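A closer look at the structure
This is what each chain is made of:
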2 protein chains.
Amino acid sequence: MKVKVFVTLKSGVLDPQGKAIQHALGSLGFSGVDEVRQGKLIELNLEESDPGKAEASVRDMCEKLLANTVIENYRIELEG
Amino acid sequence: MKVKVFVTLKSGVLDPQGKAIQHALGSLGFSGVDEVRQGKLIELNLEESDPGKAEASVRDMCEKLLANTVIENYRIELEG
């Protein structure tokens, strides 16, 4: 089962990478762009085929490794 | 208009970050996980409200800055 995990910074947390992208876009002439935030996308393939167990397992991976839950949110998407 | 851009490595391209995550998951006791790939998620807010124009503009941003199209694919998602 293919799984996608989206890890994003919580809203109050400063995002210097996002700011750098926003600035670079401005320098390239793209105007009207703001609130640029950069996050991570982690794709993985699980042997587990039961969606409930797969999600529980991935949630556990997020809590333990994939996301820093002090400053980051995560969202899990199962692709069946 | 909120826009999400997903930047992922093309399939033939080595992904050491993904490998590191896969190895770390194994060390933590998560078995049956493979094909781990790490990509980027870039969220931005555009003043442009026309979906067609917004998508064209973001596609241009991807080609020029957000993705390295030699080794990366990108996907654009408009959130209206």
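Residues numbered from 1 in each chain as written. Chains lettered and ligands numbered in written order. Predicted model: local features only at pLDDT ≥ 70, side-chain atom pairs only at ≥ 80, totals over all residues. Heavy atoms only, no water.

Observations regarding the overall build of chain A
Secondary structure summary: chain A contains two helices and three strands in total. Ordering the α and β elements of chain A from the N terminus gives β-α-β-α-β. By the compact-globule yardstick of 12 Å for 80 residues, chain A is too spread out, its C-alpha radius of gyration being 16 Å. Judged by the C-alpha coordinates and their principal axes, chain A covers about 50 × 25 × 15 Å. (Helix = DSSP H or I, 4+ residues; strand = E, 2+ residues; numbered from the N terminus. Rg over C-alpha atoms; globule rule 2.2 N^0.38 Å.)

Focus: the interface of chain B and chain A
Listed by partner, the interface residues are 32 residues for chain B and 32 residues for chain A. When the two sides are added together, the surface that chain B and chain A hide from each other amounts to roughly 2700 Å², 63% of it contributed by carbon and sulfur. On inspection of chain B and its partner chain A, the count reaches two salt bridges. We note a salt bridge from Lys2 of chain B to Glu35 of chain A, for which the minimum N-O separation is 2.8 Å. At the junction of chain B and chain A, the tally comes to ten residue pairs in polar contact (both at pLDDT 80 or more). The leading source of residues in the side of chain B that touches chain A is strand β2 (residues 33-46) of chain B, at 14 residues. Grouping the amino acids of the side of chain B that touches chain A by side-chain chemistry returns 15 nonpolar, six polar and eleven charged. Alignment of strand β2 (residues 33-46) of chain A against β2 of chain B, held across eleven bridges, turns out to be antiparallel. (Contact = heavy atoms within 4.5 Å. Buried area = accessible area lost by both parts, 1.4 Å probe. Salt bridge = Lys/Arg side-chain N within 4 Å of Asp/Glu carboxyl O. Polar contact = N/O pair within 3.5 Å; in protein donor to acceptor, adjacent residues only side chain to side chain. Nonpolar A, V, L, I, M, F, W, Y, C, P; charged D, E, K, R; others polar. Pairing = 2+ DSSP bridges.)

Observations concerning the sheet that holds strand β3 (residues 72-78) of chain A
Spatially, β3(A)-β1(A)-β2(A)-β2(B)-β1(B)-β3(B) is the arrangement adopted by the six strands of the open sheet, whose pairing is antiparallel. Unpaired on one side and paired on the other, β3 of chain A together with β3 (72-78) of chain B mark the two borders of the sheet. Across this sheet, the average inter-strand angle for adjacent strands is 25°, counted without regard to direction. Bridging between strand β1 (residues 2-9) of chain B and β3 of chain B involves seven bridges; their strand directions are antiparallel. (Axes fitted to C-alpha atoms, helices over the stretch in contact; angles between N-to-C directions.)

Some details on the side chain of Thr8 of chain A
For Thr8 of chain A, the position within the fold is in strand β1 (residues 2-9). Here Thr8 of chain A is in contact with Ile71, Glu72 and Asn73 of chain A together with Leu41 and Glu43 of chain B, once residues within four sequence places are set aside.

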